[in-house]
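The residues making up each chain are set out below.
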Amino acid sequence: MPIEYYKIALGIFVCLVFVSLTTLFSYLLARLYITKVKKHAEEMHAKDMEYQTTLTETIVETQEQLLQNISRDLHDDAGQQITALNFQIENYKHDHPEEVERLSVLSQSLNHLSQSVRSISHSLSSQLVMQQDLGKAIRNEPERLQKNSRIQFGIAVSDAPLLLKDDEKLIIYRIFQESLNNCLKHARAKNINVELLASPKFKLSIKDDGKGFDLNEKSLSLGMITMKRRAELIGCTLQIASQPGQGTQLVLSRN
């Protein structure tokens, strides 16, 4: 009898060892599979992020090239045509002195149009933006827009130097322009306040008192999505806060 009990106990022990080893093997196999799936997911996510970054960079480059072409056409083609028209008017004034007073009004309007075209051309040109201080560019843009709008701008720009690369400066400026354009087209705002800080951390804030919108109900527009992706290219974050009837605030910052 003791021998039979020993055999039974041994059999139970062997079974327990076998079950334990099977369980351990299954656990290790499951862990290996989970690790492999997780690694694959991380690789796919990294590839997707790389693809999104490359796509955004391509879109930004294409947009900049388009803006450059428009800027050049405005400066060269439209500007030259306005100059030619003004020259013809001046000649007509010389030949018809009795029409000088009436034609002077037209000349003045053409001069204003020429200045507007030149201002828009400079605003679109990436070379001019990169050549000047970002703070100065941000001050100049509202001044240009205010001539054709009843919106009041409040501008607060830090005196501290902004240590930015050319591509960073250009992307920040384009985000700023897009934000102002959204305010002018959609917000129905009366006041827009702009704040640019260089220290202790870079921050650009654009706040309006327009109609606002519900972020929970309205998905971000393509323009806002593009602005967010532009910000990510230079290591910044773009936060958007808005409520119906309480305006909208965009904050571009670097951690």
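Because the structure is predicted, anything quoted here is derived from the model rather than measured.

### Digging into the pairing of strand β2 (residues 191-197)
- Side chains Ile192, Val194 and Leu196 of β2 all project onto a buried face; the interleaved residues Asn191, Asn193, Glu195 and Leu197 project onto a face where none is buried.
- Sheet topology places strand β1 (residues 152-157) next to β2; 6 bridges connect them, and they run parallel. Bridge pairing in β2 links Gly154 to Asn193.
- A crossover links β1 with its parallel partner β2, the connecting element being helix α5 (residues 166-187), and its sense is left-handed.

### Remarks on unusual backbone geometry
- The backbone of Arg188 shows a phi angle near 55°, a positive value even though the residue is not glycine.
- Tracing the chain through its elements places Arg188 in the loop between α5 and β2.

### Here we look at the packing of aromatic side chains
- The final tally for this structure, using the stated rule, is 1 aromatic pair.
- Ring centres of Tyr173 and Phe176 lie 6.4 Å apart, and the angle between their planes is 40°; this geometry places the pair in the tilted category. A residue pair is termed a helical-turn pair when its members lie 3 or 4 positions apart in one helix, as Tyr173 and Phe176 do in helix α5 at 3 residues.

### Comments concerning the sheet that holds strand β5 (residues 248-253)
- The strand order across the open sheet formed by 5 strands is β1-β2-β3-β5-β4, and the pairing between neighbours is mixed. With one partner strand each, in any of the chains shown, β1 and β4 (237-242) form the two edges of the open sheet. Strand-to-strand twist in this sheet, taken as the mean axis angle between neighbours without regard to direction, amounts to 10°.
- Strands β1, β2 and β3 (203-208) of the sheet are contacted by helix α4 (residues 134-146), whose axis makes an angle of about 175° with β1.
- Contacting β1, β2, β3, β4 and β5, α5 crosses the sheet at an angle of about 5° to β3.

### Looking at the environment of Arg230
- For Arg230, the position within the fold is in helix α6 (residues 222-233).
- For Arg230, a relative accessible area of 6% gives the class buried.
- Along the sequence, Arg230 and Arg174 sit 56 residues apart, while their C-alpha atoms lie 8.9 Å from each other.

### Some thoughts on the pattern of salt bridges
- Counted by the stated rule, this structure contains 1 salt bridge.
- With its nearest N and O atoms 3.2 Å apart, the salt bridge here joins Glu168 to Arg254. You can see Glu168 sitting in helix α5 and its partner Arg254 sitting in the segment after β5, a full 86 residues away along the chain.
- On the basis of relative accessible area, Arg254 is assigned to the partly exposed category, the value being 24%.

Thresholds, definitions, all that
Every chain is numbered on its own, with residues counted from 1 as its sequence reads. For this predicted model, a pLDDT threshold of at least 70 governs which residues receive local features, and a threshold of 80 or more governs which side-chain atom pairs are given and counted, while totals over whole chains, interfaces and linings are taken from all residues. Think of the side-chain values as coming from all heavy atoms in the structure, minus any hydrogens and water. Under the scheme applied here, a residue whose accessible area is under 20% of the maximum for its type counts as buried, over 50% as exposed, and between as partly exposed, the area being computed with a 1.4 Å probe on protein chains only. Only DSSP runs of H or I covering at least 4 residues are called helices, and only runs of E covering at least 2 are called strands; the numbering of each starts at the N terminus. Paired strands are those between which DSSP finds at least two bridges. Here the term right-handed applies to a crossover when the path leading from its first strand over the helix to its second strand runs clockwise, the strands being oriented away from the viewer. Each pair of aromatic rings taken from Phe, Tyr and Trp, with Trp reduced to its six-membered ring, is defined by centres within 6.5 Å and is described as stacked if the planes are under 30 degrees apart, edge-to-face if over 60, and tilted in the remaining cases. Each axis is a line fitted through C-alpha atoms, and for a helix only the stretch in contact is used; angles between axes span 0 to 180 degrees, taken between their N-to-C directions. Only heavy atoms matter for contacts: two residues are in contact if any of them lie within 4.5 Å across the pair. Between Lys or Arg on one side and Asp or Glu on the other, a salt bridge is scored when a side-chain nitrogen of the former is within 4 Å of a carboxyl oxygen of the latter.

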